[in-house]
Amino acid sequence: MSTITTTTRTPLPASLERELERLLGDRFTTGEAMRQQHGEGESFHANQPPDAVVFPETTAEVAAIVRACHRHEVPVIGFGAGTSLEGHVAALRGGVTIATSGLTRLIELNSEDMDCRVEAGMTRKTLEGHLKGTGLFFPIDPGADASIGGMAATGASGTTTVRYGTMRENVLGLTVVLADGTVIRTGGRARKSSAGYDLTRLFMGSEGTLGIITEVLLRLHGIPEAIASAVCSFPTLADAVDAVIYTIQSGVPVARVELLDDVQMDAVNRFSEFDYPVLPTLFFEFHGTAAGVEEQSSEVGFIAKELGGTDFEWATRPEDRSRLWAARHEAYYASLALRPGARGWATDVCVPISALAECLLKTREDIDAEGLLAPIVAHAGDGNFHVLFIIDPDDDEEMARATRVNARMIEQAIAVGGTCTGEHGVGFGKIPYLRTQHGEAVDTMRAIKQALDPKGLMNPGKVVA
């Protein structure tokens with residue numbers, strides 16, 4: 001399995017166990033099954049269970065838990081829906097995992113101002129249910145039914161980023177419990193502010209290393225008048241990437257443009273019972289007025305045709321669009337089905353759009369040269385692409401080949417001005433690449449960590465380690 005730096009694990013003090021039991025009753029557990037369940041996300045990284053799991057139901061309870069752990073100098077790890085991919089939730093030093101699954105209230109919905117405040121444990125699909133009938137929607141769609149707090153903590157994005165931005169652009173404020181149990185509220189409902197430091201952005205993407213997010217104030221968007229999705233196949237991967245680049249450079253406001261290579265399309269066809277050509281393929285979605293959607297699709301269709309793309313295969317009915325995007329979101333499980341019994345190692349980089357073709361094609365060649373099974377999918381409109389190595393983590397030689405490809409992909413991305421991760425986050429899996437990307441700025445990150453968490457108790461061993 002994955003390599004983890006050896007760290008000291010100290011058993012929970014009996015006095016802390018008693019304090020948490022008094023506070024939470026049966027919502028405090030040291031049961032083996034529950035600890036194992038909260039010791040890993042959806043990745044190949046080895047399970048590292050905490051010493052206890054707690055299930056608070058209010059911000060006040062989270063604060064009380066963190067204060068108790070701070071007094072006893074016990075590590076604290078936040079846990080949302082467990083969909084993370086870089087070892088974010090592994091309890092590398094043991095400690096207490098705070099599961100936010102009990103923090104699920106919609107606190108306020110302000111339809112006229114197009115915002116809402118939710119507790120951190122609410123999942124994306126649950127939020128969709130609350131917004132039905134309001135004419136509003138929350139656009140960030142990472143695929144998995146992740147918790148809103150987890151999405152904020154990792155700076156998540158997804159298929160709609162090209163049109164609506166990432167969590168950073170769609171979170172107006174946060175409620176955060178700091179390392180000593182202090183509760184602060186950042187940001188606000190005003191659409192702009194120049195009052196002080198932007199603490200909201202500081203905690204976005206901090207992966208629980210600076211505090212535990214308990215509430216999130218979200219920006220909402222109006223549901224478009226018309227939505228249409230289309231699928232188009234291309235002779236080569238280069239042609240498909242060029243179609244994306246020309247579309248973006250032409251200023252067409254596509255809502256989604258997802259690229260799946262031929263390996264991934266084969267997996268999708270088998271798993272979701274489609275019969276698309278086993279070729280590099282783009283999944284488009286257009287939002288706007290009926291006339292606007294027609295204009296956008298016509299312009300993109302012309303670009304695709306010029307590059308050898310097939311005619312668009314349309315999905316305009318809600319049920320057809322849902323099936324199409326469900327297939328895209330199930331790409332991870334479709335890929336695993338190509339090799340039953342194997343595990344998935346999902347990794348990502350993000351590069352300037354002009355460098356996407358070069359980096360993606362080199363990575364595909366590298367995968368094939370190493371003899372690996374690894375589909376590629378991309379949020380191509382913003383230069384973010386993912387490789388999913390389908391591997392046996394116990395096969396050291398195969399892991400070494402995958403590690404080489406991953407390292408070369410990241411090094412190339414950074415060399416062209418990109419990043420070692422566009423949306424998966426650092427966790428502990430990508431710590432080795434952080435200094436390559438940020439240089440001495442990593443020392444500034446450490447200084448912030450030290451200032452806010454001097455005892456080093458908040459998700460230790462992650463991001464800046």
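Coordinates for the structure precede this section.
Residues numbered from 1 in each chain as written. Predicted model: local features only at pLDDT ≥ 70, side-chain atom pairs only at ≥ 80, totals over all residues. Heavy atoms only, no water.

Asker: Help me understand the packing of aromatic side chains, please; the structure alone is not making it clear to me.
Answerer: Where two aromatic rings form a pair, the distance of their centres and the angle of their planes describe that pair. Counted by the stated rule, this structure contains eleven aromatic pairs. Considering the side-chain rings of F137 and Y164, the 5.5 Å spacing of their centres and the 90° angle between planes classify their relative orientation as edge-to-face. Here F137, found in strand β7 (residues 136-137), pairs with Y164, found in helix α6 (residues 161-164); they are 27 residues apart in sequence, far enough to count as distant. Residue class for F137 comes out buried when judged on its relative accessible area of 18%. An aromatic cluster is defined as three or more aromatic residues linked by ring pairs; in this entry it consists of F274, Y276, F283 and W325. Its end group placed over the ring of W325, R256 keeps NZ or CZ at 4.3 Å from the ring centre. (Phe/Tyr/Trp six-rings, centres within 6.5 Å; stacked < 30°, edge-to-face > 60°. Helix = DSSP H or I, 4+ residues; strand = E, 2+ residues; numbered from the N terminus. Buried < 20%, exposed > 50% of the residue type's maximum accessible area, 1.4 Å probe, protein only. Lys NZ or Arg CZ within 6 Å of the ring centre and 35° of its normal.)

Asker: Is there a simple way to explain the nonpolar core in this structure?
Answerer: The tendency in soluble globular proteins is for nonpolar side chains to be buried side by side. Counting residues in hydrophobic clusters, the biggest one holds 53 residues, and the most contacted among them are L259, L282, F284, L360, F385 and F389. For this core, the leading source of residues is helix α15 (residues 396-415), giving eight residues. Apart from residues no more than four positions distant in its own chain, L282 is found in contact with A230, V231, C232, F234, A240, A243, V244, V257, E258 and L259. The next biggest cluster of nonpolar side chains, apart from the first, holds 27 residues, and it includes L131, I148, A153 and L178. (Core = buried A, V, L, I, M, F, W, Y, C linked by side-chain atoms within 4.5 Å. Contact = heavy atoms within 4.5 Å.)

Asker: Please clarify how the packing of α15 against helix α16 (residues 431-438) should be interpreted in this entry.
Answerer: The relative placement of two packed helices comes down to the angle between their axes together with the axis-to-axis distance. Following both chains from N to C, one finds α15 and α16 inclined at 20°, their axes separated by 10 Å at the closest point. It follows from the interaxial angle that α15 and α16 lie roughly parallel. Read as a crossing pair, α15 and α16 show a hand that is right-handed. Across from N406, A407, I410 and I414 in α15, the residues of α16 making contact are Y433, T436 and Q437. (Axes fitted to C-alpha atoms, helices over the stretch in contact; angles between N-to-C directions. Parallel < 35°, antiparallel > 145°, perpendicular 65-115°, else oblique. Left-handed = near helix turned anticlockwise from the far one by under 90°.)

Asker: Whenever I open this one, the sheet that holds strand β9 (residues 183-187) confuses me. Can you help?
Answerer: For sheets, the rule is that strands pair by backbone hydrogen bonds, running either parallel or antiparallel. Taken in spatial order, the five strands make up an open sheet running β5-β6-β10-β8-β9, and their pairing is antiparallel. One side of each edge strand has no neighbouring strand; the edge strands of this open sheet are β5 (106-110) and β9. Put simply, the sheet's adjacent strands are angled 15° from each other on average, direction ignored. (Pairing = 2+ DSSP bridges.)

Asker: What should I look at first to understand unusual backbone geometry in this one?
Answerer: Of all residues except glycine, most have a negative phi; of all peptide bonds, most are trans. With a phi close to 55°, E73 is a non-glycine residue in the positive phi region. Position of E73 relative to the elements: it lies in the loop between α3 (59-72) and β3 (76-79). Phi angles above zero are rare outside glycine, and E273 is one such case at about 60°. Among the structural elements, E273 can be located in the loop between α10 (262-272) and β14 (281-288). Under the relative-accessibility criterion, E273 is labelled exposed at 67%.

Asker: I'm lost on the side chain of R328 in this one. Help?
Answerer: Among the secondary structure elements, R328 is positioned in helix α12 (residues 318-329). Assessed through its relative accessible area of 8%, R328 is described here as buried. When residues no more than four places from it in sequence are discounted, the contact partners of R328 are E258, L260, F283, V377 and H379.

Asker: Teacher, can you tell me more about the pattern of salt bridges here?
Answerer: Opposite charge on two side chains allows them to pair when their charged atoms are near. Under the criterion given, the structure shown has 32 salt bridges. Here R27 ties to E57 by a salt bridge, and the two come within 3.9 Å at their closest N and O atoms. On the criterion of sequence distance, the pair formed by R27 in the loop between α1 (14-24) and β1 (28-29) and E57 in the loop between β2 (52-54) and α3 is long-range, its members being 30 residues apart. Take E57: its relative accessible area is 43%, and that puts it in the partly exposed class. As a salt-bridge pair, K362 and E358 come within 3.3 Å of each other at their nearest N and O atoms. Taken together, the residues span about one helical turn, with K362 and E358 both in helix α14 (residues 356-369) at a distance of four residues. Residue K362 is classed as partly exposed on the basis of its relative accessible area, which comes to 43%. By relative accessible area, E358 is classed as partly exposed at 41%. (Salt bridge = Lys/Arg side-chain N within 4 Å of Asp/Glu carboxyl O.)

Asker: Would you mind going over the side chain of D141 with me for this structure?
Answerer: Secondary-structure assignment places D141 in the loop between β7 and α5 (148-153). Take D141: its relative accessible area is 7%, and that puts it in the buried class. A polar contact of 3.2 Å, which involves the side chain of D141, links it to the backbone nitrogen of G143. (Polar contact = N/O pair within 3.5 Å; in protein donor to acceptor, adjacent residues only side chain to side chain.)

Asker: Would you take a moment to explain the pairing of β5 for this structure?
Answerer: By the bridge criterion, four bridges tie β5 to strand β6 (residues 115-119) in an arrangement that is antiparallel. In the sheet register, L109 faces β6, and the bridge partner there is C116. Hairpin connection from β5 to β6: four residues lie between these consecutive antiparallel strands, with M114 at a positive phi of about 60°.

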